[in-house]
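This is what each chain is made of:
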Amino acid sequence: MKSQPGSSTVILRRWIAPLAVVGLLAILPLTAGAQSWSGYGRNPQHNASFPGPSQVPQIVRWATPVDLAPQYSGGLSGALYTHYGSPVITGKNTVIVPVKTGANGPFEVTALHSATGQVIWTQSTDYTLPPGYNWIPPMGITLTGADLAVAYPGAGGIVYLRSSPDKPTGTIMPLAFMGLKNYIKDPLSYQSAIHISTPLTSDGDGNIYFGYISSFPGIPSGLAKVSRKGGTFIAASALCNDGGIEKVVMNCAPALSWDGKSVYVAVNRSNFSDGYLCQVGNGAKLTPMNAVHLKDPATGQDARLSDDGTASPTVGPDNDVYFGVLESNFPSHHARGWLLHFDSSLAQTKTPGSFGWDDSASVVPSRLVPSYRGGSPYLILTKYNDYSDQGINGSGQNKVALLDPSATEPDPIENTVQSMREILTVVGPTPNTGQAGVREWCINTAAIDEANRCAVINSEDGHVYRWSFVTNTLSPGLQLAPPTGEAYTPTVIGPDGAVYAINNAKLFCCISTGLGGAAGAGAPVLPGDGTELPRTTRWAFTGPSPTIALMTASLFALAGLSLALSLRRTTRRAVPVVVRVDDRR
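**Side note on the side chain of D307**
Mapped onto the secondary structure, D307 falls in the loop between β23 (286-293) and β24 (314-315). A relative accessible area of 2% means that D307 is categorised as buried. A distance of 3.1 Å separates a polar atom in the side chain of D307 from the backbone nitrogen of M250. At a separation of 3.3 Å, a polar atom in the side chain of D307 contacts the side chain of N268. Ignoring sequence-local partners within four residues, the contact set of D307 consists of K247, V249, M250, N251, N268, S270, N271 and F272.

**Side note on the sheet that holds strand β8 (residues 107-113)**
Spatially, the four strands line up as an open sheet ordered β6-β7-β8-β9, and their pairing is antiparallel. Both outer strands of the open sheet, β6 (88-89) and β9 (119-125), are each paired with one neighbouring strand and no more. Pairing of strand β7 (residues 94-100) with β8, which is carried by seven bridges, proceeds in the antiparallel orientation. Residue pairing across strands places P98 opposite V109, the latter belonging to β8.

**With respect to the pattern of salt bridges**
Under the definition given, this model contains eleven salt bridges. Ionic pairing is found between R269 and D242, a salt bridge with its closest N-O pair at 2.7 Å. With R269 in the loop between β21 (262-268) and β22 (275-282) and D242 in the loop between α4 (236-240) and β19 (247-248), this residue pair connects regions lying 27 residues apart in the sequence. Of the residues examined, R269 reaches a relative accessible area of 28% and is grouped as partly exposed. The exposure class of D242 is buried, given its relative accessible area of 14%. A salt bridge links K383 to D359; the shortest N-O distance between them is 3.3 Å. Separated by 24 residues along the polypeptide, K383 in strand β28 (residues 378-384) and D359 in the loop between β26 (338-342) and β27 (362-365) bring together distant segments of the chain. In this structure, K383 and D359 share a single accessibility class: buried. What emerges from the salt-bridge pattern is a single network uniting D242, R269 and D274.

Rules of the game
- Residues numbered from 1 in each chain as written.
- Predicted model: local features only at pLDDT ≥ 70, side-chain atom pairs only at ≥ 80, totals over all residues.
- Heavy atoms only, no water.
- Helix = DSSP H or I, 4+ residues; strand = E, 2+ residues; numbered from the N terminus.
- Buried < 20%, exposed > 50% of the residue type's maximum accessible area, 1.4 Å probe, protein only.
- Polar contact = N/O pair within 3.5 Å; in protein donor to acceptor, adjacent residues only side chain to side chain.
- Contact = heavy atoms within 4.5 Å.
- Pairing = 2+ DSSP bridges.
- Salt bridge = Lys/Arg side-chain N within 4 Å of Asp/Glu carboxyl O.

Interpretation note: all reported values are geometric properties and have no functional meaning in isolation.
Take a look at the structure:
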């Protein structure tokens, strides 16, 4: 192409990607090394803290369904009461996603290239949902140590290991906590009687932990541990020495202490009943250690443990344990529940947080919050919704909060209770339709970006945001889908900084435009509703100096796209840049 007077043209094709990447790494923080997101809450402690950095979500790189048959309550405009399993991401940047393919199953697992969204492999599973649910439970998967395999649940309490998760081919190995020889003798009986009922959690040694529901003779519902070397299990009632306890709380992913010697999990009698948080010895056999009967901090009565939530234990850097429950006299605390807080032995009850029922706390090192002047080495991030639904009567000022686990203040609703002190809060930006306040946040874990001192948070308004701990502000939201009432969803950060969020039954891979900071007027915006990028797209934006050409070219080269950039020379520092994206894959 011939250059016109007063302008310069830069033509960039896929073969210059290595040069483009070098330029990009000099100006954009797009890689975090071989950091994987191995499972629910990122690691076995579920602290959801990532060394970073993440990208500001400004455009959708690609989107993929996590549900091929979404079940809306009241039709397509109704709420979507389905929990979706967290995607996992290998250190080589392969995104692995659980997918529901029918109304209530079956399920499959799909691996995709992060840069393009292209499918690497798909694996079906015979997993079936556990009985007794109201909201559809997630099928939770996990990576084993060093990303050697991805583990996903099957029927009858079986866990499958798929080797080489980054490659198109791999081997499938079934693991059976009751013994594979026993399972093979009567697989149909096991499949009809035993159902995995929580996400899988993996430690660094290849052991996988999960709760299950069972009517099989001699195998009561409980907690299981399995590896290539064999398996073991323990009844839920034995974990707390209470014969009335029936099972591990549905959707409650087991958490591990930092030394791996303890497993933490919650058990209950039935949905919405009382229950315990249990510490389990993690040896050759799972052995009961300690259990605490969970109480409402305001009433002293039994807290309620819901099978419709996804609250799972979070283990702090000091081995303190955090777990969310509902209030005893629901919905007196505006249906927020409480985030209960204990020492590692569960013997000492500490200051609670003011929200917890369907939320797993994320851990934020205090050094990420410049305004913090307290003495705690870390803070806790939770949703802080204040539901204004009929019969609950909250303010509707739905927030996300950073809380100090070692400082107190009167609870904002139950003023006689001392709860964790609010350090920062941010209210949702989008007014609610038909009721007071704003659309609620819908995260069950917020992803923490340590490098950029921020969190990635997802909203029912259909947008994903970054919340800065430095300025206490939200980035301009990237719209992913129409506003949708839905069960709470995970947010995830990949090794290249891509942000992953689930809205309206799709997983979105979100990246920056390459401008740095928030998208401004005239910045390029790709479709955020999951529509496919046309093979040739044009737009114009204003950016600082011709360096923008290299930045934008590098970003798209990583995605395997060809670019033609036309820069019009000007005396201003900011120059108009016309970008043509030509996807010739």
